[in-house]
Amino acid sequence: MRPELLFPLQQAATDSGSAFGTIGDWAVSVMNFLGAAGVGLLVLLENLFPPIPSEVILPLAGFSAASSDGTFTWVEALIWATAGSVVGAYCLYGLGAWLGHARTVKLLSYLPLVDLDEIDATIRWFNRHGYWTVFFGRMIPIFRSLISLPAGVERMSWWRFGLFTLAGSLIWNTIFVYGGYLLGDNWHILEDAAGWLQYAVIALVLLAVLVFVIYKVRKIRRQRGAADTDAVDGDPS
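Criteria and cut-off values
Residues numbered from 1 in each chain as written. Predicted model: local features only at pLDDT ≥ 70, side-chain atom pairs only at ≥ 80, totals over all residues. Heavy atoms only, no water. Helix = DSSP H or I, 4+ residues; strand = E, 2+ residues; numbered from the N terminus. Buried < 20%, exposed > 50% of the residue type's maximum accessible area, 1.4 Å probe, protein only. Contact = heavy atoms within 4.5 Å. Areas by Shrake-Rupley, 256 points an atom, 1.4 Å probe, with all protein chains shown as cover. Expected span 1.5 Å × (residues − 1). 1 Å grid on protein atoms, 1.4 Å probe; cavity = no way out; pocket = protein on both sides within 12 Å on 5 of 7 lines; lining within 4 Å. Points joined across faces, edges and corners; volume = space filled by probe spheres on them. Phe/Tyr/Trp six-rings, centres within 6.5 Å; stacked < 30°, edge-to-face > 60°. Lys NZ or Arg CZ within 6 Å of the ring centre and 35° of its normal. UniProt positions renumbered as here; feature names shortened; annotations may be inferred. Salt bridge = Lys/Arg side-chain N within 4 Å of Asp/Glu carboxyl O. Patch = residues over 30% accessible without salt bridge, like charges linked within 9 Å, V, L, I, M, F, W, Y side chains within 5 Å. Lys, Arg positive; Asp, Glu negative; His and termini not counted. Charge placed at Lys NZ, Arg CZ, Asp CG, Glu CD. pLDDT = per-residue confidence, 0-100.

## Observations concerning the overall build of the chain
Line of reasoning, step 1. Scanning the chain from terminus to terminus reveals ten helices and zero strands.
Line of reasoning, step 2. Reading the chain from its N terminus to its C terminus gives the helix and strand order α-α-α-α-α-α-α-α-α-α.
Line of reasoning, step 3. The buried share among the 237 residues of the chain stands at 41%.
Line of reasoning, step 4. For the chain, contacts bridging at least 24 residues in sequence account for 75% of all contacts bridging at least 6.
Line of reasoning, step 5. Entry remark: accessible area of the chain is about 13200 Å², with carbon and sulfur atoms responsible for 69%.

If you want it as structure tokens, here you go:
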């Protein structure tokens, strides 16, 4: 990409009213310097450091490809972005494999209100539905990166993990890269939509945590009530 494209990209981000900030400016500089390969590098880093927003990087890459002065096409941006997604996912897969099953279960057992039988049940569910969880997880904000960790912990088939990661990432990246290409200066519409999706995911997670805590507190109270009843019934006085 030629240097003169740097300002139009930054200006487009500023005009969108998005919280572009330092990370966004840095992302633009990387794409300006490395071209389509920079998109792949940024997406790889986004997998490892979620604060780097793919919802900004990908539409901006599409917008850049739509520019008459662009030096890479939206297809090239998509290919590099998907390659970055897969490589980043394998990095986290490796971290999960390094942690291993036993160590991960031990760490999770320290969480409050979490029982070992519940951890085992979750692991069994993941082992049954893991591949599809990876596929759909690659299209869900927040979980896009995290889903690679349990796959590594449970030593999911590495080539199947890569295949489902590739498929899910390709869908997600196509929506945002090609969407940014079609929308042009209005690329920020995709960022806004992804932001609302992320808020929805956060709300669902918080709701699930609240329901879990309520369930566990009631369960503990029932157990304590049953224990007190048994103690009273067993009192010889």
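## What to know about helix H4 (residues 54–66)
Line of reasoning, step 1. Here H4 contains 13 residues, and its C-alpha end-to-end distance of 18 Å stays within 8% of the 18 Å for a straight helix at 1.5 Å per residue.
Line of reasoning, step 2. In terms of residue burial, H4 counts as a mostly covered element, since twelve of its 13 residues are buried.
Line of reasoning, step 3. Here H4 has its buried residues at Ser54, Glu55, Val56, Ile57, Leu58, Pro59, Leu60, Ala61, Gly62, Phe63, Ser64 and Ala65.

## Remarks on the layout of surface pockets
Line of reasoning, step 1. Estimates place the volume of the largest pocket at around 1100 Å³.
Line of reasoning, step 2. Along the walls of the largest pocket sit 27 residues, with Leu108, Leu111, Thr122, Phe143 and Pro150 positioned nearest its centre.
Line of reasoning, step 3. Mapped by element, the contributors of at least two residues to the lining of the largest pocket are helix H5 (74–109), helix H6 (116–137), helix H7 (143–146), helix H8 (148–153) and helix H10 (188–233).
Line of reasoning, step 4. A per-element tally of the lining of the largest pocket places H6 first, with seven residues.

## Remarks on the packing of aromatic side chains
Line of reasoning, step 1. Within the structure shown, the criterion is met by 13 aromatic pairs.
Line of reasoning, step 2. Judged by centre distance (5.4 Å) and plane angle (70°), the ring pair of tyrosine 90 and phenylalanine 161 falls under edge-to-face. Separated by 71 residues along the polypeptide, tyrosine 90 in helix H5 and phenylalanine 161 in helix H9 (residues 158–183) bring together distant segments of the chain.
Line of reasoning, step 3. For tyrosine 90, a relative accessible area of 27% puts it in the partly exposed group.
Line of reasoning, step 4. Three or more aromatic residues joined by ring pairs make a cluster, and in this case those are Tyr131, Trp132, Phe135, Phe136 and Phe164.
Line of reasoning, step 5. The cationic tip of arginine 103 hangs over the ring face of tryptophan 98; the distance from NZ or CZ to the ring centre is 4.7 Å.

## Things to note about the UniProt feature "transmembrane region" (unreviewed entry) in the chain
Line of reasoning, step 1. UniProt records the feature "transmembrane region" (unreviewed entry) at residues 26–45, 77–99, 161–184 and 196–215, using the numbering of this structure.
Line of reasoning, step 2. The span residues 26–45 is 95% helix and 0% strand, and its two end C-alpha atoms sit 12 Å from each other.

## Quick look at helix H3 (residues 36–48)
Structurally, the α-helix is built with 3.6 residues per turn, so residues lying three or four positions apart point the same way.
Line of reasoning, step 1. With 13 residues, H3 extends 19 Å between its outermost C-alpha atoms, agreeing within 8% with the 18 Å of an ideal straight helix rising 1.5 Å per residue.
Line of reasoning, step 2. With ten of 13 residues buried, H3 is to be regarded as a mostly interior element.

## Thoughts on the pattern of salt bridges
Line of reasoning, step 1. Enumeration over the complete set of coordinates arrives at one salt bridge.
Line of reasoning, step 2. Note that arginine 144 is salt-bridged to glutamate 46, the shortest N-O span being 2.9 Å. Of the two residues, arginine 144 is situated in helix H7 and glutamate 46 in helix H3; the sequence distance between them amounts to 98 residues. Comparing arginine 144 with glutamate 46 shows no difference in burial state: the two are buried.

## A few points about a positive patch on the surface
Line of reasoning, step 1. A grouping of Arg218, Arg221, Arg222 and Arg224 is seen on the molecular surface, where their side chains present a positively charged patch.
Line of reasoning, step 2. One can find arginine 218 in helix H10.

## Some words on unusual backbone geometry
Line of reasoning, step 1. Unlike most non-glycine residues, arginine 155 shows phi in positive territory, near 50°.
Line of reasoning, step 2. Structurally, arginine 155 can be placed in the loop between H8 and H9.

## Concerning the confidence of the model for the chain
Line of reasoning, step 1. Counting all residues, the mean pLDDT for the chain is 82, and 83% of those residues have values of 70 or more.
Line of reasoning, step 2. Per-residue pLDDT stays below 50 along residues 13–19; that stretch engages in eight contacts with residues further than four places along the chain or on separate chains.

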